[in-house]
Amino acid sequence: MSPAIRQKFVVGNWKMYTNAADARRLAKAVVDGMGAQERVSVTLCPPFPYLALVGEILEGSRVALGAQNLYPEKEGPFTGEVSPTMLLELGCKYVILGHSERRHKLGESDAFVNQKVRVALAAGLDVILCVGETLEQRNANQTEALLDRQLTCGLADVPADTLTRLSIAYEPVWAIGNLEHHATPQQAEEAHTVIRRRFAQMFGKKSAQALAIQYGGSVKPDNAAALFCRHGVDGALIGGASLIADQFLAIVRAGINASQTEEKSSSMPQLTKPVA
Ligand code: PEP
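Report on the accompanying structure. (Residues numbered from 1 in each chain as written. Predicted model: local features only at pLDDT ≥ 70, side-chain atom pairs only at ≥ 80, totals over all residues. Heavy atoms only, no water.)

### So, the pattern of salt bridges
Oppositely charged side chains may form a pair once their charged atoms are brought near each other.
Point 1. Enumeration according to the criterion identifies 17 salt bridges in this entry.
Point 2. A salt bridge links E262 to K8; the nearest nitrogen and oxygen atoms lie 2.7 Å apart. With E262 in helix α11 (residues 245-267) and K8 in strand β1 (residues 8-13), the pair connects residues that are 254 residues apart, well separated along the chain.
Point 3. Judged by its relative accessible area of 24%, E262 falls in the partly exposed class. (Salt bridge = Lys/Arg side-chain N within 4 Å of Asp/Glu carboxyl O. Helix = DSSP H or I, 4+ residues; strand = E, 2+ residues; numbered from the N terminus. Buried < 20%, exposed > 50% of the residue type's maximum accessible area, 1.4 Å probe, protein only.)

Next comes the structure, spelled out in structure tokens:
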């Protein structure tokens, strides 16, 4: 598959952190710190109760609003749940689905994640689908099989004309919020290659080339640059570091630098034969 330049995509997943005042401060600091750059697409995903107030701060800026979850029905007797239409009404463009904390702590199955993906895309939301193996699965050499399963099930019956509104976040479960175990840039690149290959089998090479695949799992300012310069690593889904504006902005800057380097090297003449 020939290399393609895709815009880097950096997303902050605030999980169940912040309060109203912190959410306001954090969103404002990100908007102010972003300036007018267009190289990296940036999205913030606050907890449900702060979507409206963060949405107001992001309005008119280059930072998009995303949600961390949804329920796959338009409305109904689903106490405590939030529908895609409600998220759209609040100004959400994106929704994170299939996060490992929901799969593993709340028991979400591949089939349920798939239902959410299809309903979200049909409603007009852009989906960030999270996939990734546990440490046991990696140690048992099951990473590829697991990614295959999560993609095959999670993307079953997704209409081809919605694929441009889909991105994948590769998040090895063992690297999330973990200061001892990090995925190396090499491991991230290998997993992204597996994901893009499987996506190409499912939806064709053209869709796979256009697909943004983010890495997620303890991305920090000091490892972001090494990850972003890897082939097929198109950005990051960030938990912990997205709660500290300076760290999040430093990761965005690493994305901008990586994009500039990619642009430069793609405009250099390509050698078709090895130099003797
Ligand atoms: C996440 O929860 O999606 C995540 C990647 O978290 P962290 O950056 O804290 O590992």
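### Digging into the nonpolar core
Point 1. L155 and I168 are the most contacted members of the largest nonpolar core, which totals 71 residues.
Point 2. Those residues within four positions of L155 in sequence are excluded, and the remaining contacts are N114, V117, L129, Q150, L166, I168, F199, M202 and F203.
Point 3. Of all hydrophobic cores here, the second largest spans 10 residues; its members include F9, C45, Y94 and L237. (Core = buried A, V, L, I, M, F, W, Y, C linked by side-chain atoms within 4.5 Å. Contact = heavy atoms within 4.5 Å.)

### Digging into the packing of aromatic side chains
How two aromatic rings sit relative to each other is set out by the distance from centre to centre and by the angle between their planes.
Point 1. Inspection of the entire model under this criterion finds five aromatic pairs.
Point 2. A centroid spacing of 6.2 Å and a plane angle of 55 degrees characterise the contact between Y170 and Y215, whose relative ring orientation is tilted. Here Y170, found in strand β6 (residues 166-170), pairs with Y215, found in strand β7 (residues 212-216); they are 45 residues apart in sequence, far enough to count as distant. No difference in accessibility class separates Y170 from Y215, as the two residues are buried.
Point 3. Here the aromatic residues Y71, F78 and F112 are joined through ring pairs into a cluster of three or more. (Phe/Tyr/Trp six-rings, centres within 6.5 Å; stacked < 30°, edge-to-face > 60°.)

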